[in-house]
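Chain by chain, the residues run as shown.
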Amino acid sequence: MSTSTSTVTSADAFGAPAPVLSFSPLVLSVPGRPVDLQVRVSAPATGTSLPVILLSHGHGPSNNLSSLNGYAPLANFWAAHGFAVIQPTHLTSRTLTHLVADAPGAPYFWRSRAEDMTHILDRLDGIERTVPQLAGRIDPTKVALAGHSLGGFTAALLLGAGLNDPDTGNVVHLVEPRIKAGVLLAAPGRGGDAFNGPMAEQWPIIGAVDFSTMAAPALVVAGDEDDSRHFTDMGPDWHADPYTLAPSPKTLLTLFDAEHGLGGIAGYDAAETTDENPERVAALARLTAAYLHTQLYPGAPTWQVACEALTTGPHPVGRVESK
């Protein structure tokens, strides 16, 4: 099965892509937040009862990709195939550093990042009414979450992982029960003795997560060349920890030859992508959409079809295991 044939077969599970409407910035005033919460909403031009994907950006070196302006290769695909995608600009975004450098919670804003998603869900009705041509088209009972890198850390908390607050020593839980399933993309792994890289002392919060309570269904995506030596000497397996250390039901997608950018998901033609591979990005977009579709619509064959098309045959993009 050739790569091109696999792509077509996987897309057929959703039908033809729809034109996408994208609206930004939608500004939400949040009491106590040092700046307003700005979001981008992308949705197909047609269709009703749209499920929602909340997308949490990472903390990369670009000024704008770590904001509502990033991750277009994923957000556009998901929207074109039937999801309403909502992307906040978290307080960790480089676009806000000059405004929030001295704000409470800086520089990690770990609690605020998770709370951004709760604020969005609390105001989903208003978001739906504000975005042109979206009113009445969202299904608020079908909400999923995706996050890349630091966004994967945020996703883990919202899906049930605990966090040992370094400032208080207390275990914090920020689980959001309205989120039914998630995708963790190149997310950080365990702390403890494995969290021993040169950047570990600067980011103690990363090593404070306990995956043992992350009970919600999740797809963990890890690149087999994603060696984050600045945090750990475990090698690429570190990014599989949210699968290995969390309870079922979980699925692990290991992408072959992928580094931390997973082929370039943060933006089109991003110079910071060390493993640029448009075919990998396209396959990942389809696989993640298929996983969330099957989670939100139990019994749908979408995930099985995508896996058979893209992770089997002579040119698989990766391997899948589940528990």
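Structural data are supplied above this passage.
Please read all numbers here as calculations on a predicted model, not as lab measurements.

Caption draft 1: Quick peek at the side chain of Thr232. Take Thr232: it is sitting in the loop between β10 (218-223) and α7 (241-244). Accessibility expressed as a relative area gives 2% for Thr232, which makes it buried. One polar contact links the side chain of Thr232 to the main-chain carbonyl oxygen of Ala194, over a distance of 2.6 Å. Residues contacting Thr232, with those up to four places away along its chain left out, are Ala194, Asn196, Gly197 and Trp238.

Caption draft 2: Quick look at unusual backbone geometry. Residue Pro107 is reached from Ala106 by a cis peptide bond, and omega for that bond is 0°. Going from Ser248 to Pro249, the amide bond is cis rather than trans, its omega being 5°. The topology assignment puts Pro249 in the loop between α7 and β11 (250-255). One non-glycine residue, Ala186, adopts positive backbone phi at about 50°. Inspection of the secondary structure puts Ala186 in the loop between β8 (179-185) and β9 (209-210).

Caption draft 3: A look at the sheet that holds strand β6 (residues 162-164). If you trace the three strands from one edge of the open sheet to the other, you get β7-β6-β9, paired in antiparallel fashion. Every other strand in the sheet has two partners, leaving β7 (171-173) and β9 as the edge strands with one partner each. With two bridges connecting them, β6 and β9 associate as antiparallel partners. Looking at β9, one finds that Leu163 is bridged to Val209.

Caption draft 4: Structural detail: the sheet that holds strand β12 (residues 318-322). Here we have nine strands laid out as an open sheet, ordered β1-β2-β4-β3-β5-β8-β10-β11-β12, and mixed in their pairing. Taken across any chain shown, the strands that pair with only one partner, and hence form the sheet edges, are β1 (20-28) and β12. Averaged over neighbouring strand pairs, the angle between their axes works out to 20° when direction is ignored. Two strands pair when backbone bridges link them, and strand β2 (residues 37-44) and strand β4 (residues 84-88) are joined in this way by four bridges, in the antiparallel orientation. In the strand pairing of β4, Val39 is matched with Pro88. Helix α4 (residues 110-122) contacts β1, β2, β3 (50-56), β4, β5 (138-148) and β8 of the sheet and is inclined by roughly 155° relative to β3.

Caption draft 5: Summary view of the pattern of salt bridges. Scanning the entire structure with this criterion turns up six salt bridges. Between Asp122 and Arg178 there is a salt bridge whose closest N-O contact spans 2.8 Å. In this pair, Asp122 sits in helix α4 while Arg178 sits in the loop between β7 and β8, placing the two residues 56 residues apart along the sequence. Taking relative accessible area as the criterion, Arg178 reaches 32% and is therefore assigned partly exposed. Arg280 is the salt-bridge partner of Asp275, the closest N and O atoms lying 3.2 Å from each other.

About the criteria used
- Residues numbered from 1 in each chain as written.
- Predicted model: local features only at pLDDT ≥ 70, side-chain atom pairs only at ≥ 80, totals over all residues.
- Heavy atoms only, no water.
- Helix = DSSP H or I, 4+ residues; strand = E, 2+ residues; numbered from the N terminus.
- Buried < 20%, exposed > 50% of the residue type's maximum accessible area, 1.4 Å probe, protein only.
- Polar contact = N/O pair within 3.5 Å; in protein donor to acceptor, adjacent residues only side chain to side chain.
- Contact = heavy atoms within 4.5 Å.
- Pairing = 2+ DSSP bridges.
- Axes fitted to C-alpha atoms, helices over the stretch in contact; angles between N-to-C directions.
- Salt bridge = Lys/Arg side-chain N within 4 Å of Asp/Glu carboxyl O.

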